[in-house]
Structures are given as C-alpha cells and as structure tokens.
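A look at the structure
Next come the chains, spelled out residue by residue.
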Number of protein chains: 2
Amino acid sequence: MTAAPSVHREIHLTSRPVGEPTAENFALVESAIPEPGEGQLLVRNTWMSVDPYMRGRMNAGTGSYIAPFDLGAPLGGGATGTVVASKAAAVPVGTAVLHQLGWREYAVVDAAAVMPIDVSLAPASAYLGVLGMPGLTAYAGLTEVAPVAKGDVVFVSGAAGAVGSVAGQIARLLGASRVIGSAGGPEKARKLVEDFGFDAAIDYRAGSLAEQLAEAAPEGIDVYFDNVGGDHLEAAIAAMRPGGRIALCGAISQYNATEPVAGPRNLAYAIGKQLTLRGLLVGSYYHLAPQYAQLAAGWLASGELRTEETVLDGIDRAPEAFLGMMRGANTGKMLVRLAG
Amino acid sequence: MTAAPSVHREIHLTSRPVGEPTAENFALVESAIPEPGEGQLLVRNTWMSVDPYMRGRMNAGTGSYIAPFDLGAPLGGGATGTVVASKAAAVPVGTAVLHQLGWREYAVVDAAAVMPIDVSLAPASAYLGVLGMPGLTAYAGLTEVAPVAKGDVVFVSGAAGAVGSVAGQIARLLGASRVIGSAGGPEKARKLVEDFGFDAAIDYRAGSLAEQLAEAAPEGIDVYFDNVGGDHLEAAIAAMRPGGRIALCGAISQYNATEPVAGPRNLAYAIGKQLTLRGLLVGSYYHLAPQYAQLAAGWLASGELRTEETVLDGIDRAPEAFLGMMRGANTGKMLVRLAG
C-alpha cells in the first residue's frame, strides 16, 4: 500500500439527463483529497458499483424516495475500499470496508458509515453484488415481498443483471419448481439457462413477450420479480395464476422516460386473480442481511449460487459503465475497478 | 303466504352487451315454475341484488374468475326469499333464506345452497347489503387486504355505493383518523359527510380528482379502497404515503370498456413508496363472515354504522336497477323488491 496522494479523480454530474443519459452529463474532475477529521477515515476505493436506481437520483428532486445528486459535485453509491488513514480507533488503517461514497478514487467517510468486510471470505467486489445490496434485494423480494412457496413457477425479468441473476437462483433454492428469466439478446438468454440454471429463458427482443412467456410457463406463474416494468409487467399480470405475487423492484424500461408511461392495461386482472403487487426498497430489509449473508455464503461455497461480473477498469470509465448497465451491456454485476 | 302459482316471471339475458348495457340486452320472460326435487326448496324471492360484478358475467367467457351468464336464460345473483315448498327436512316451509338465484320471482334451489337468515335481527334486504356480500367485502378489504391501522388516513372511491358507504364507516371504526370518500355529484358528496360520517367528500365530476384529493388529504393517504379503477387509482397512487396499502376491489369505470384501458401511469411510484396493491374477491374471506356479522350487528344497533338502500319495485324493473347502479343512480345498496 502506497501513501495516499494529495489529489485524486472523481466523476461529477454536470447536467441532468433528459431521457437517456450520455457521457456529456458527466465529467472527470481532479480534486484535492480532503483530510479526514476526528472520527473519519480516508479510504482508497477499490471497487465501485453502478446501479439502475442511480438514474432516478440524476433527476431534479420530484418526491423520489432518495435525494437527487447535486450538480457539479461527485455522484455517490456503493463502493469498497481500504482504509489508508484513520482518525477512528475502531477502524484501523488496512481495514477493508463497504461504504456509499463511490464515483471517486479516495473518499473521506465517517467511521460510523462504513461496514468492515471480510475479504478472506469473498472478494471485495462480491460485497457490491451477490453479498451486497443486489443480493439482499433478490432475497428480500422472494422471501418477504413476493414470497416463493415450494412448487411455485417464478418469472424474473432483467434476469441477466446483478439482482435478476441472483433472484432466479434464489427462487430455485427456495423451492420453486420452475424458474423463467428474461433478458435482451440470445447470448444472455443462453447464459440464463447454461450458467445461472434457469429452466427457460426469454429473449425479449426476439418477439412477443406475452407469447414467449405463455410458451415458457403454459400453466402460468405464481411469482414475478419485476426489474423492468412496462411490457414485462403487463405480460406477467396476464400470465399470473390466482393468488400470484409480484415484487415491484425496478422499472428500468421507464427510467429514461420523459413522459408519464402508461401502466399495465390489464391491471384490473389483479382483482379477479387476487394478485398482490408490492414495491421493494432494499433499505427496508437490512434486518435480513445477517440471515442472508449466512445463506449466501453457504450457497456460494457449495456452488449452488453462481455469479458473474462485468468489470471496467478505471474511474474514467465509470460513466461508460453506468450507461452500459442501463442499456443492458452487462451480465451479472456491473462494476468499476478503481484499484487492486 | 299464498300458494305458489304455476308460472312466474324472470329476467333473461338475450344478448351480450358491447360497452354500456341497455334495456335491449334483457327480456322479461314468463315461465313455468319447476317442481322442487328431493333435497330442494321452492323459494318465493323477496329481494334481489344488482351488483357491479354482474357486468363481467354478461360478457362471453374470457378467463374471468366467474362463469358467464348464459344467453336466453335467467341471470343470477344474490336474493332473499321465503321457502314455500320444501323437500328438505332441514329447511322447512316459512324459512327466510339467502341464495344465489335472483332475477326471478320464484327459485328452485338445493337446500345445501341456501343460508337461513334471521329476519327478526335485521330486515331481509340487509342480508344483501351491509350484512351480506357488500358489507363483508368492505370488512375484508380493510382488515385483510389493505389493513387499516390506528391513525391512518383512508380514501374510499365509489363511497356512496353499497360497499363504499360501509367501507368508509368501517375504516373509522377500525381507527382511521380521517376518512375521505369520492362519489359522483354534489348530492352524494353531501350524503357522504352528513349521513355516512366521512370527514371529506370529493365529487369526482366537479374537477380534478388529484387536486381535490390533495386538498382533502394534504399529508397523503395510507389506505385506498378502490371500487372504481382508472383515474381514481392513479390519483390515489400519487397521494399514497410510503408503505400505503390499496385494496383493488372494483374497477367500475372500466367494466363497460371495449378496448384495453391504460393502467395508472404512475404505478412505478409503488416501488419507491413500497406500496402494496392487492386484489380482493369476497369469496376468499367467508371465514370472516361470523366475526363480521357479530361486529356489524353491534355497530348497526348502536347507530355507529348507517346504511341506505335504493329500492325499485318489481322484477320487471331489475334491468333498470342494474343499469342505474352501473351509472351510479343509487345511494347505498341498490335492490329490487320482488315481494313483501
């Protein structure tokens, strides 16, 4: 470990995207690394996460559940790093930590706002994916929000992504009899079945979603884990069996919309089928984290849970990583590696 | 009680309505009264119910939760009556019963398919309203489907109707701090507040629903009991507080639609607000009926629960009653009186 330099690089949001974000909404900025104050740490970031929810934070505040990013300031989000200077006895230099000040090479963080991670158990990057927020999201969705019961048929959209790829496997581990995933393109669809163990995969670009879903689940589905919204949600509602449960986790198909997006035209089916649709924010389920961490560690060790990462190197590529993730360029968790 | 005649009148569905039903979809038919077989009863109907769900049964079967009415045959639905001939020892002549063969003056019913009712406790018509399916629907909706907690702000649409007028009052009795109802027209809105004890009423014909709701519930709502769908559901989603619950009970604004109806454009808010939307069919909650009957009897006796009926006389007016109910011509339960 080398001594910390005095300047580092960070990514600023320079303008609010209208519709699909572009590289022009971001800037790579060199800035002085602040000194940690009492109770603070200087962390050299090793990995940072890009996640769909960040798109909402790029808009001006409009009653979202999370504050907008400021213009002309670094963005934020999940990151891992190593403590290189500490003014908090509880977190000594050398500790590997998870925190929320990504999008920069170094971060000054309150010691109370970091979580030490055990990098002998799993690589640091795993704490941004399967062992982190995306993994817990999948688990909470399928245990609390839209609980999977033994024998259920489960459909997961965005199934090649960080949350979806884990959700499909957890559904099976929770007793689902059949797990169907959707993704964009034949290569991802192949991966769902061959690498992540889905029973059937739908390439949503290859034709009617409703028809493909009817073919993959001729007797309907019991649980739908929604990362996509839009057509996917409508097709799932049509395919739901009575008493079906839907976890509304994401609506990536709509995040760039500049006009209100029509809701599912068949939502009234939810009455006759007695469906439950429930929104999911992982922040409400951190109490499940210890239980999930233990389960996930076991599943990873046994090979029952497999993950993938799509990695870009260097803080300068963070906008590219985010834009690519929004377009579905990743398989598994999209990450930016900032340091070894 | 006079001896049963040999012929009676019944209402047949003669054509399937396209869009809004009209009197031409129905016919008053005179027919022979069948003889009750072993284990059956001949019932002289006293009251019959018209309910929104019947509109769905007038369509050809398209995967609804309930079978379509046959063409050229009597419609069916909740009715009360008096047994005038019995071939079932358990249900003697003179028993007042609730059954499902309305839309006719006399019915031959299996004894196993009737429920004796206590007309000394409440008039027979109450068993089609506050003490029957509509009342239980309201109760199940606010206890199981979208549970009301103490202090909640509750919004009920179609609040002047059979279900809505009871739902608003039950919400208050379950501890709601504020209850808001919507109805069509100033007269009904006035009744919501003056007769049914709502804190505020919205006349949805009088201007923007969203604006009126924001005014009536400036800090948002916790529970929405949806009888209407469409704009009402969208306005409610916008007004929901985090963790809010929506009982999807009816979508009367859409029952006559001939094209798929766009869903709420703001459904994605359900993610960030962690809303729960759940469909409600009363048939899944009959286990609550004894508990509800006891509560409701107490509330009626104490005057805490008030009801209204809109009554038309004579089987020939049943189509008019149904069409009027679909247009909101009723306050409280819409009924047809067939015999004293």
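Identification of chain A as NADP-dependent oxidoreductase from Kitasatospora kazusensis is taken from an unreviewed UniProt entry.

Here we come to the sheet that holds strand β12 (residues 221–226) of chain B. Overall, mixed pairing links the 12 strands, which are arranged β11(A)-β10(A)-β9(A)-β12(A)-β13(A)-β14(A)-β14(B)-β13(B)-β12(B)-β9(B)-β10(B)-β11(B) in an open sheet. Lying at the two open borders of the sheet, with one neighbouring strand each, are β11 (200–203) of chain A together with β11 (200–203) of chain B. Within the sheet, the average angular offset between the axes of one strand and its neighbour, ignoring direction, is 15°. The pairing of strand β10 (residues 178–183) of chain B with β11(B) spans four bridges and is classified as parallel. Following the sheet pairing, B:Ala183 is matched in β11(B) by B:Asp203. Strands in contact with helix α5 (residues 209–216) of chain A are β9 (153–156), β10 (178–183), β11 and β12 (221–226) of chain A; relative to β11(A), the strand with the most contacts, it is inclined by about 170°. Strands β9 (153–156), β10, β11 and β12 of chain B of the sheet are contacted by helix α5 (residues 209–216) of chain B, whose axis makes an angle of about 170° with β11(B).

Here we take up the relation of the copies chain A and chain B. Note on the identical chains: chain A maps onto chain B by a rotation of 180° and an axial translation of 0.0 Å, with an RMSD of 0.0 Å. Both chain copies can therefore be described as sitting about a two-fold axis. Closest to the rotation axis within chain A is the C-alpha of A:Gly263, separated from it by 1.9 Å. Of the interface residues in chain A, 100% have counterparts in chain B that sit at the interface too, so the contact is made through matching surfaces.

The description of two aromatic rings rests on the distance between their centres and on the angle between their planes. For the structure shown, the criterion picks out 10 aromatic pairs over all chains. In textbook terms, an aromatic cluster arises when at least three aromatic residues are bridged by ring pairs, as seen for A:Phe26, A:Trp103 and A:Phe322.

Turning our attention to the domain arrangement of chain A. Residue and element names in this part refer to chain A. Split by domain assignment, chain A resolves into domain 1 (7–129 + 307–337) and domain 2 (133–284). Between domain 1 and domain 2, the C-alpha centre-to-centre distance is 28 Å. A combined buried area of about 1,500 Å² lies between domain 1 and domain 2, and 60% of that area is made up of carbon and sulfur atoms. It is Glu308, Met326 and Thr331 in domain 1 that bury the most area against domain 2; as a group they hold 25% of the surface buried on that side. Where domain 1 meets domain 2, there are one salt bridge. Ionic pairing is found between lysine 191 and glutamate 308, a salt bridge with its closest N-O pair at 2.9 Å. At the junction of domain 1 with domain 2, the criterion picks out six residue pairs in polar contact (both at pLDDT 80 or more). Mapped by element, the contributors of at least two residues to the side of domain 1 that touches domain 2 are α1 (53–57) and α9 (318–327). Along the lines of polarity and charge, the residues of the side of domain 1 that touches domain 2 split into 10 nonpolar, seven polar and six charged.

Quick look at the sheet that holds strand β2 (residues 26–32) of chain A now. If you trace the three strands from one edge of the open sheet to the other, you get β2-β1-β4 (chain A), paired in antiparallel fashion. The strands lining the two open edges of the sheet, one partner per strand, are β2 and β4 (73–74) of chain A.

Residue and element names in this part refer to chain B. Taken N-terminus to C-terminus, the directions of helix α2 (residues 133–145) and helix α8 (residues 289–302) make an angle of 100°; their axes are 10 Å apart at the nearest point. Here α2 lies roughly perpendicular to α8, going by the angle between them. Residue-level inspection shows Gly135, Leu136 and Tyr139 of α2 in contact with α8, the latter providing Ala289, Gln291, Tyr292 and Leu295. Here the contact of α2 with α8 is built from residues that sort into five nonpolar, two polar and no charged.

A separate point is the nonpolar core. Grouped together as the largest cluster of nonpolar side chains are 52 residues, with contacts concentrated most on A:Ile180, A:Ile221, A:Leu277, B:Ile180, B:Ile221 and B:Leu277. The contact partners of B:Leu277, leaving out residues within four places of it in the chain, are A:Leu275, A:Thr276, A:Leu277, B:Ile237, B:Ile246, B:Leu248, B:Leu267 and B:Ala270.

Further remarks concern the interface of chain A and chain B. Listed as interface residues are 28 residues of chain A and, on the opposing side, 28 residues of chain B. Roughly 2,200 Å² is buried in total at the junction of chain A and chain B, and carbon and sulfur atoms are behind 60% of that figure. Three residues, A:Arg265, A:Ile271 and A:Gln274, lead the burial of chain A against chain B; their summed loss comes to 27% of the area buried on that side. Where chain A meets chain B, there are zero salt bridges. At the surface where chain A touches chain B, the tally comes to 12 residue pairs in polar contact (both at pLDDT 80 or more). Looking at the side of chain A that touches chain B, the elements with two or more residues in it are α7 (269–272) and β14 (276–279) of chain A. No other element matches β14(A), which puts four residues into the side of chain A that touches chain B. Alignment of β14(A) against strand β14 (residues 276–279) of chain B, held across three bridges, turns out to be antiparallel. For A:Leu277, the partnering residue across the bridge sits in β14(B) and is B:Leu277.

Okay, the environment of B:Pro36 next. Residue and element names in this part refer to chain B. Mapping proline 36 onto the fold places it in the loop between β2 (26–32) and β3 (40–49). Between the C-alpha atom of proline 36 and that of alanine 85, which follows or precedes it by 49 residues, the distance is 7.6 Å. Ignoring anything within four residues of it in the chain, the contact list for proline 36 reads Leu41, Leu42, Ala85, Lys87 and Val108.

This brings us to the pattern of salt bridges. A complete count under the given rule lists 26 salt bridges over all chains for this structure. The closest approach of N and O atoms between A:Glu105 and A:Arg9, which form a salt bridge, is 3.2 Å. Taken together, the positions of A:Glu105 in the loop between β6 (96–99) and β7 (106–110) and A:Arg9 in strand β1 (residues 7–13) put the pair 96 residues apart, joining distant regions of the chain. Two residues, B:Arg317 and B:Glu320, come together in a salt bridge whose shortest N-O distance is 2.9 Å. You can call B:Arg317 partly exposed: its relative accessible area is 31%. Classification of B:Glu320 by relative accessible area gives partly exposed; the value is 42%.

The rules behind these values
- Residues numbered from 1 in each chain as written.
- Chains lettered and ligands numbered in written order.
- Predicted model: local features only at pLDDT ≥ 70, side-chain atom pairs only at ≥ 80, totals over all residues.
- Heavy atoms only, no water.
- Pairing = 2+ DSSP bridges.
- Helix = DSSP H or I, 4+ residues; strand = E, 2+ residues; numbered from the N terminus.
- Axes fitted to C-alpha atoms, helices over the stretch in contact; angles between N-to-C directions.
- Contact = heavy atoms within 4.5 Å.
- Least-squares fit on C-alpha atoms with pLDDT ≥ 70 in both.
- Phe/Tyr/Trp six-rings, centres within 6.5 Å; stacked < 30°, edge-to-face > 60°.
- Domains from an automatic or database assignment.
- Buried area = accessible area lost by both parts, 1.4 Å probe.
- Salt bridge = Lys/Arg side-chain N within 4 Å of Asp/Glu carboxyl O.
- Polar contact = N/O pair within 3.5 Å; in protein donor to acceptor, adjacent residues only side chain to side chain.
- Nonpolar A, V, L, I, M, F, W, Y, C, P; charged D, E, K, R; others polar.
- Parallel < 35°, antiparallel > 145°, perpendicular 65-115°, else oblique.
- Core = buried A, V, L, I, M, F, W, Y, C linked by side-chain atoms within 4.5 Å.
- Buried < 20%, exposed > 50% of the residue type's maximum accessible area, 1.4 Å probe, protein only.

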